Amino acid sequence: MKIKGSKNKIVCEGNLIFDTAEAVKEALLVKLEKLKTGIPVTIELAQVEEIDSSGLQLILSFFKTLEERKMNYKVVSISREFHDILDLSGLNKYFRLEV
């Protein structure tokens, strides 16, 4: 899993699963410290190839951290795999997705 992006944009690529969760968490925390406050954070998840409940929990936890820091965010794209796990978990109706 790679976390990349510029300024207030985060792009997740690869597998977001139990085996990669700790490394992804660390990468997101590093990225979090570089984000500018007052500017909405754009998150792209279209390149996520595989995701499990650990990955979903990690992403939702990251969103909560952004909210606690009073940082607005928007998800602009998700992969089919991410969409499927949202449907399966029933969380799709709570997920902020801008298209």
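Refer to the preceding data block for the structure.
A. Spatial organisation of the sheet that holds strand E2 (residues 9–16). Ordered in space as E1-E2-E3-E4, the four strands form an open sheet in which the pairing is mixed. In this open sheet, the two strands that pair with only one neighbour each are strand E1 (2–4) and strand E4 (73–78). Taking the axes of each pair of neighbouring strands and ignoring which way they run, one obtains an average angle of 20° across the sheet. Across the sheet, helix H1 (residues 21–34) touches E1 and E2, and the angle it forms with E2 is around 175°. Packing against the sheet, helix H2 (residues 53–68) makes contact with E2, strand E3 (41–51) and E4, and its axis sits at approximately 170° to E3.

B. Spotlight on the pattern of salt bridges. Under the counting rule described, the total for this entry stands at three salt bridges. Across the pair Glu-44 and Lys-9 runs a salt bridge whose closest N-O atoms are separated by 3.0 Å. With Glu-44 in strand E3 and Lys-9 in strand E2, this residue pair connects regions lying 35 residues apart in the sequence. Judged by its relative accessible area of 22%, Glu-44 is partly exposed.

The rules behind these values
Residues numbered from 1 in each chain as written. Predicted model: local features only at pLDDT ≥ 70, side-chain atom pairs only at ≥ 80, totals over all residues. Heavy atoms only, no water. Pairing = 2+ DSSP bridges. Helix = DSSP H or I, 4+ residues; strand = E, 2+ residues; numbered from the N terminus. Axes fitted to C-alpha atoms, helices over the stretch in contact; angles between N-to-C directions. Contact = heavy atoms within 4.5 Å. Salt bridge = Lys/Arg side-chain N within 4 Å of Asp/Glu carboxyl O. Buried < 20%, exposed > 50% of the residue type's maximum accessible area, 1.4 Å probe, protein only.

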